[in-house]
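Secondary and tertiary structure notes
Here are the chains, one letter per residue:
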Amino acid sequence: MEKLVLIDGNSIAYRAFFALPPLSNSSGLHTNAVYGFTTMLLRLIDEQKPTHFLVAFDAGKVTFRHEGYQEYKGGREKTPSELSEQFPVIKDLLRAFGISQYQLEGYEADDIIGTMTRIADEQKKQVVVVTGDKDMLQLASEQVTIALTRKGISEVELYDPAFIQEKYGLTPDQIIDLKGLMGDTSDNIPGIPGVGEKTALKLLHEYGSVEQVLEHVEDMKGKMKDKIRDHAEDARMSKRLATIHREVPMEADWNAIRYEGYQPETLSEMFRKLEFKSLLERLDLPQSAPVNEVEKEELQIHVVGEEGLEEFRPQLERVTSVHVEAYGENPHTASLIGAGFHTGDGQAYYISAETLLSGKARFLQEWFADETRAKTIFDAHYAEVVLAWKGITLAGVGFDTQLAAYLLDPTETNYEMSEQARKYGLPAVGSDESVYGKGAKYRLPELGLLAEHIGRKAATAHKLAEIQRRELEKNEMNRLFYDLELPLSKLLADMELKGIRVDVEGLKKYGEELSANIESLQNRIYELAGGPFNINSPRQMGEILFEKLDLPVIKKTKTGYSTDAEVLEKLEPYHEIVRQILLYRTLAKLQSTYVEGLLKEVRPETGKIHTYYRQTIAATGRLSSQFPNLQNIPIRLEEGRKIRKVFTPSEEGWLILAADYSQIELRVLAHISQDKNLMEAFTENMDIHTKTAMDVFGVSESEVDANMRRSAKAVNFGIVYGISEYGLSQNLNITRKDAGKFIEQYFEVFQGVRRYMDEIVKQARNDGYVKTLLERRRYLPEIKASNFNIRSFAERTAMNTPIQGTAADIIKLAMVRVAERLRQEKLRSRMLLQVHDELVFEVPEEELELMKKLVPEEMEKALELNVPLKADVSYGQNWQEAK
DNA sequence: CCACTCACG
DNA sequence: ACGTACGTGAGTGGG
């Protein structure tokens, strides 16, 4: 038996959206309506076993109903963007299911469904109409059953004419009269005021229809009589509006809407994109397509040895993407494995490191270095560094798929090609771990598998780039990507490759000093503790302090007593040992992390350290630094600051020059919040913390004491981090209530800042993301979490990310511009380090005067804000002196 | 491999 | 009632 299932697409999407909690996939796309829709489809297919299937959608804002009644559906809330963005996805989903869909300009889904059911009635076909809209009951007939959703969408109730009779005492036709009398607030259909469902049913049971009710109005009495008489025309119009149009000019081709079932592969691809993991399992499919099958269909992989290079050579012309594979997290020490080349026609070529580096591959090495040959690549920065250590230059990178993936979602923790392929539904790529194993078990697989893996990565890079180009365009990130991040990745690689010189002898000497001090401290601590223990073990220290010495427990960790600096500072008055431990910790940290840690990273041949800046880690857009981290070299304490002495120029007679932005984050905040007071502070070039203290405490400049300034400074930090009473109270060691008072007073004076904080959180809730001045995005799906902590965290992130992120944008812009000036003016000075708001250079003495001007100048004009940017410059024989 | 601690902006 | 300040990386201990 043939059976048609007709779905009211808009109605079900709305129901699903409001019935389900917010869901989103890792790219920030909301998916709750899609999810609800999907479960509904799966259930209908299972339970109804349709032979024909059609989903109807509304089209166009104005329908024929508006012609007689402008206010139709007026007063309705605008569809939330979280829902409207899901409509295109639902349409894709239907295509993946193989279910037909239909919409017609100027008509609503009801009318399309009305027309289909009329045809079905005439042809005696069975139909089930699925909707959340009671009006549709008017379509019920012997052939047509209406499935109305109940409580959200998890259940439906089936209405045939008999059931409607039983429930309302009405025929399906009379449903229209019911609405004519009672109206419908959601569609802004008036009906008769004061007539609700109860009255309307009573009237219809007595008279049968709107027309009959109006005709017999004189038989009635009291208020009811007046109301009906006064609103007779409203009732007639309401009935017209509620009547589903059943003659839509559409080709109702019964065969075109035949439903043949879905292709599990197509559907699973869709589910993977949407990250519907539970539904994927329900489909009972392998989690990824078998690799071999895909290979045969889509990609042929060739291994090119030295003898094959000449034959491969002409193919280079057609290379669309290249992948450089190496082993090791640190590109400065990684070993090159080989490279894959994809040529766009389903061919990929694998060339091993040995072959790449051979004399016969000169043409290939030149190709890598050729700036005019645009290359698409995954992680150009890593590749450039790895290749450079092998003597190969990489230039002409036109697209970087890892960098693009980061911009499209900077919170992702794994940009591996296998993940990206899965995310975009591309043919599967094996994960590195599955191919190589990990840790001590790392092994190169046999040549065939290796070539397969690397060739596939090259091909995937090309396909990914095609998708990502469009996404970047859509997000208005072209400038950010092509003019900032991509040039920066090259610049970073070049900075790292040059490295920074370290005075190894000086560092060792300092280490010896430390060792002596640490040893005497250790002895003193053992003495005070009454015996030796491992001071580096928080657990053992906890036993000593809180059990043996019986000091008060201030704070606990998941696993035991907390012994961090904050706790120890509170314990200082109780026992002499505490001070010694604090001192020990400071020195031990310096010794292990900074003396020994740095010494391990110095290349003995050159006496230089090559850090690795990572451009795809920090969710705010900042850089991070690894192997070693040169962005956390001590400075706050005098003892630690000495470490900076060992960072020196690499050439005789050169100097270290450092320039840092003054209060860049608060200046950015002044700009984006447009707060008058904050802007004024910076245009007048005032000390911002003093100014804040003056305003918050209502005192004159001379009355601001050190304590007031310290509090104001903490409030300013708090503001940038996304203020909370609790956080500020912790920081200032005051009560929550007092912290609350500070914050309130702050907002009283900086009202523009308060407005910004409110707005940005609202914006994050609406859009699902926040962005920086350069359109860098960060998705915050958790802003809608019901858990207070999770939601609050997202709210603070919403406040902080545009500030920290814009500051990151600005210094990145400055780096690109300074590098450009150095090149243009053929200067020998070199950019060495970036520490979030600071740039460090080594400069020949004769360039010092020029650089002292050039660097802060470029930093200050990197981006024009409505407050000035300020950069201070200093220099000296080493990094400590350049302060 | 995780928890803890601590260095930086 | 909830119990965190934002963003990172590295060393050490202990299961």
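Residue indices follow the written sequence of each chain, beginning from 1 at its first position. Labels follow written order: the first chain is A, the first ligand is 1, and so on. pLDDT decides what is reported in this predicted model: residues at 70 or higher carry local features, side-chain atom pairs at 80 or more are listed and counted, and totals for whole chains, interfaces and linings draw on all residues regardless. Side-chain descriptors were evaluated using all non-hydrogen atoms of the structure, hydrogens and water having been removed beforehand.

Strands are runs of DSSP state E lasting at least 2 residues, helices are runs of H or I lasting at least 4, and numbering of each runs from the N terminus. For chain A, the count of helices and strands is 38 helices and 24 strands. Taken along its principal axes, the extent of the C-alpha atoms in chain A is 110 × 80 × 60 Å. Each residue gets one of three labels from its accessible area relative to the maximum for its type: buried under 20%, exposed over 50%, partly exposed in between, using a 1.4 Å probe on protein chains only. Each of the 883 residues in chain A was classed as buried or not, and the buried ones make up 54%. Note on areas: Shrake-Rupley with a 1.4 Å probe; residue coverage comes only from the protein chains shown. In the structure as shown, chain A presents an accessible area of about 41,000 Å², 48% of it carried by carbon and sulfur atoms. When charges are counted, neither His nor the chain ends are considered; positive counts come from Lys and Arg and negative counts from Asp and Glu. For the purpose of locating charges, the reference atoms are NZ of Lys, CZ of Arg, CG of Asp and CD of Glu. Measuring between centres, the 112 positive side-chain charges of chain A sit 3 Å from its 139 negative side-chain charges.

Right, let's talk about the environment of valine 89 for a bit. Structurally, valine 89 can be placed in helix 5 (residues 87-97). Since its relative accessible area comes to 11%, valine 89 is described here as buried. Sequence-wise, valine 89 and threonine 31 are 58 residues apart; in three dimensions their C-alpha atoms are separated by 8.6 Å. Setting aside anything within four residues of it in sequence, one finds valine 89 in contact with Leu29, Val34, Met270 and Leu274. Contacts between residues were defined by any pair of non-hydrogen atoms, one from each residue, lying within 4.5 Å.

One heavy atom within 4 Å of a molecule or strand is enough for the residue carrying it to be called near that molecule or strand. Taken together, 22 residues surround DNA strand B, and among them Thr563, Arg585, Ile635, Arg636 and Asp837 come closest. Across the atoms of DNA strand B situated within 4 Å of the protein, the share located in sugar and phosphate is 76%. For DNA strand B, a phosphate oxygen lies 3.3 Å from a polar atom in the side chain of lysine 438. At a separation of 2.8 Å, a phosphate oxygen of DNA strand B approaches a polar backbone atom of arginine 636. With three residues, the single largest contributor to the surface near DNA strand B is helix 28 (residues 576-601). Taken together, the residues of the surface near DNA strand B break down into six nonpolar, eight polar and eight charged. Under the rule applied, a polar contact is a pair of N or O atoms within 3.5 Å (in protein, one hydrogen donor and one hydrogen acceptor; residues adjacent in sequence only if both atoms are side-chain atoms). Residues were grouped as follows: Ala, Val, Leu, Ile, Met, Phe, Trp, Tyr, Cys and Pro as nonpolar; Asp, Glu, Lys and Arg as charged; and all remaining residues, including Gly, as polar.

Another aspect to go through is the domain arrangement of chain A. Buried accessible area, meaning the area lost when the parts come together, often serves as the stated size of an interface. For each domain, the first and last residues come from an automatic or database assignment. Taken domain by domain, chain A consists of domain 1 (1-171 + 253-287), domain 2 (173-244), domain 3 (289-499), domain 4 (501-609) and domain 5 (686-749). Centre-to-centre separation of domain 4 and domain 5, based on C-alpha positions: 33 Å.

Here a salt bridge means any side-chain nitrogen of Lys or Arg lying within 4 Å of a carboxyl oxygen belonging to Asp or Glu. Within the structure shown, the criterion is met by 55 salt bridges. The residue glutamate 485 makes a salt bridge to arginine 776 at a minimum N-O spacing of 2.6 Å. One end of the pair, glutamate 485, is in helix 24 (residues 478-498); the other, arginine 776, is in the loop between strand 20 (769-771) and strand 21 (777-779), with 291 residues separating them in the sequence. With relative accessibility at 3%, the residue arginine 776 sits in the buried group. Among the ionic pairs, lysine 741 bridges to aspartate 738, the shortest N-O distance being 3.6 Å. Note that lysine 741 and aspartate 738 are positioned in helix 35 (residues 736-749) at a spacing of three residues, about one turn of the helix. The class of aspartate 738 is partly exposed, set by a relative accessible area of 33%. Residues joined by salt bridges that share partners form a network here, namely Arg817, Arg821, Glu825, Glu857, Glu858 and Lys861.

The next thing to look at is the nonpolar core. Among the nonpolar cores identified, the biggest contains 143 residues, and Ile643, Phe647, Tyr661 and Phe841 are the most heavily contacted of them. Looking at this core element by element, the count peaks at 13 residues for helix 37 (residues 788-824). Setting aside anything within four residues of it in sequence, one finds phenylalanine 647 in contact with Ile500, Arg501, Val502, Leu598, Leu630, Ile633, Ile656, Asn878 and Trp879. Grouped together as the second largest cluster of nonpolar side chains are 46 residues, Met136, Ile175, Ala200 and Leu214 included. To form a nonpolar core, buried Ala, Val, Leu, Ile, Met, Phe, Trp, Tyr and Cys residues must be joined to one another through side-chain atoms within 4.5 Å.

Let us now look at helix 13 (residues 264-274). Residues of helix 13 that are buried: Leu267, Ser268, Met270, Phe271, Arg272 and Leu274. In this fold, the buried residues of helix 13 make contact with helix 2 (32-48), helix 5, helix 14 (277-283) and helix 21 (417-423). After helix 13 finishes, the residue glutamate 275 shows a positive phi value of roughly 65°.

Bringing the protein's contact with DNA strand C into the picture now. In the vicinity of DNA strand C, 37 residues are found, and the nearest of them are Ser537, Arg539, Arg736, Phe788 and Phe793. For DNA strand C, the fraction of protein-proximal atoms (within 4 Å) that sit in sugar or phosphate groups is 65%. Contacts to DNA strand C include alanine 619, whose backbone N or O atom sits 2.9 Å from a phosphate oxygen. The contact in question runs from a base nitrogen of DNA strand C to an N or O atom on the side chain of asparagine 731, over 3.4 Å. Elements supplying a minimum of two residues to the surface near DNA strand C: helix 26 (538-548), helix 28, strand 17 (624-626), helix 33 (706-721), helix 34 (725-732) and helix 37. The element contributing the most residues to the surface near DNA strand C is helix 37, with seven residues.

With antiparallel pairing, the four strands of this open sheet are ordered in space as 22-23-19-24. A strand with exactly one partner marks an edge of an open sheet, and here the two such strands are strand 22 (830-834) and strand 24 (871-876). Averaged over all pairs of adjacent strands, the angle between strand axes in this sheet comes to 25°, irrespective of strand direction. Only C-alpha atoms enter the line fits that serve as axes; for helices the fit covers just the stretch in contact. Angles between N-to-C directions range over 0 to 180 degrees. Most of the contacts of helix 37 go to strand 22, to which it runs at about 165°, and overall it touches strand 19 (654-661), strand 22 and strand 23 (838-844). Think of it this way: DSSP has to see at least two bridges between two strands before they count as a pair.

Pairing within the open sheet is mixed, and its six strands lie in the order 3-2-1-4-5-6. Each of the sheet's edge strands pairs with one partner strand only, and the pair in question is strand 3 (100-103) and strand 6 (155-159). Direction aside, the axes of adjacent strands within the sheet are offset by 25° on average. Along the sheet, helix 1 (residues 9-19) contacts strand 1 (3-8), strand 2 (52-57), strand 4 (126-131) and strand 5 (144-150); its crossing angle with strand 1, the most-contacted strand, is approximately 60°.

A few words now on unusual backbone geometry. Omega for the bond connecting phenylalanine 627 with proline 628 falls within 30 degrees of zero, at -5°, which places this linkage in the cis form. Structurally, the position occupied by proline 628 is in the loop between strand 17 and helix 29 (638-641). Here the phi dihedral of asparagine 685 falls at roughly 55°; this positive angle occurs in a residue that is not glycine. Positive phi is not limited to glycine here, since lysine 826 has a value of about 50°. Turning to its location among the elements, lysine 826 is positioned in the loop between helix 37 and strand 22.

Taking 1.5 Å of rise per residue, the 17 residues of helix 2 would be expected to cover 24 Å, and the 24 Å separating its terminal C-alpha atoms lies within 8% of that figure. With 13 of its 17 residues buried, helix 2 lies for the most part within the structure. Among the residues trailing helix 2, lysine 49 stands out with phi positive, at a value near 45°. Here the expected length of a helix is defined as 1.5 Å per residue gap, with one fewer gap than residues.

Running from amino to carboxyl end, helix 24 crosses helix 37 at an angle of 65°, the nearest separation of the two axes being 9 Å. Considering how the two elements wind past one another, helix 24 and helix 37 form a crossing that is left-handed. Of helix 37, the residues touching helix 24 (which contributes Arg479, Leu480, Leu484, Glu485, Pro487, Leu488, Leu491, Leu492 and Met495) are Asp809, Lys812, Leu813, Met815, Val816 and Ala819. Looking at side-chain class alone, the contact of helix 24 with helix 37 contains eleven nonpolar, no polar and four charged residues. Handedness of a crossing follows from how the near helix is turned relative to the far one, being left-handed for an anticlockwise turn of less than a right angle and right-handed for a clockwise one.

The next point concerns the UniProt feature "domain: 3'-5' exonuclease" (unreviewed entry) in chain A. According to UniProt, the feature "domain: 3'-5' exonuclease" (unreviewed entry) maps to residues 300-473 in the numbering used here. Secondary structure within residues 300-473 divides into 43% helix and 18% strand; the distance between the first and last C-alpha atoms comes to 31 Å. UniProt positions are given in the numbering used here, feature names are shortened, and annotations may be inferred rather than shown by experiment.

Looking now at the packing of helix 33 against helix 35. Interhelical geometry of helix 33 versus helix 35 gives an angle of 75° and a closest axis separation of 11 Å. By the angle between their directions, the pair helix 33 and helix 35 is classed as roughly perpendicular. In this structure, helix 33 uses Ser711, Val715, Asn716 and Ile719 to contact helix 35, whose residues at the interface are Phe742, Tyr746 and Phe747. Looking at the contact of helix 33 with helix 35 residue by residue, the classes come out as five nonpolar, two polar and no charged. To sort the angles, those under 35 degrees are grouped as roughly parallel, those over 145 as roughly antiparallel, those from 65 to 115 as roughly perpendicular, and the leftovers as oblique.

What follows deals with the side chain of lysine 375. With respect to the helices and strands, lysine 375 occurs in strand 11 (residues 375-377). No salt bridge is formed by the buried lysine 375, whose closest oppositely charged neighbour, aspartate 370, lies at an N-O distance of 6.0 Å. A polar contact is formed between the side chain of lysine 375 and the backbone oxygen of tryptophan 367, at a distance of 3.2 Å. Every residue in contact with lysine 375, bar those within four places of it in the chain, is listed here: Val322, Trp367, Phe368, Asp370, Leu394, Ala395, Gly396, Val397, Gly398 and Phe399.

The patches reported here contain residues having more than 30% relative accessible area and no salt bridge. Joining distances are 9 Å for like charges and 5 Å for nonpolar side chains (Val, Leu, Ile, Met, Phe, Trp, Tyr). Taken together, the side chains of Asp503, Glu505, Glu512 and Glu513 make up a negatively charged region of the molecular surface. One can find glutamate 512 in helix 25 (residues 504-529).

Along the chain, the position of glutamine 126 falls in strand 4. Not counting chain neighbours up to four residues away, the residues in contact with glutamine 126 comprise Met1, Glu2, Lys3, Leu4, Glu142 and Gln143.

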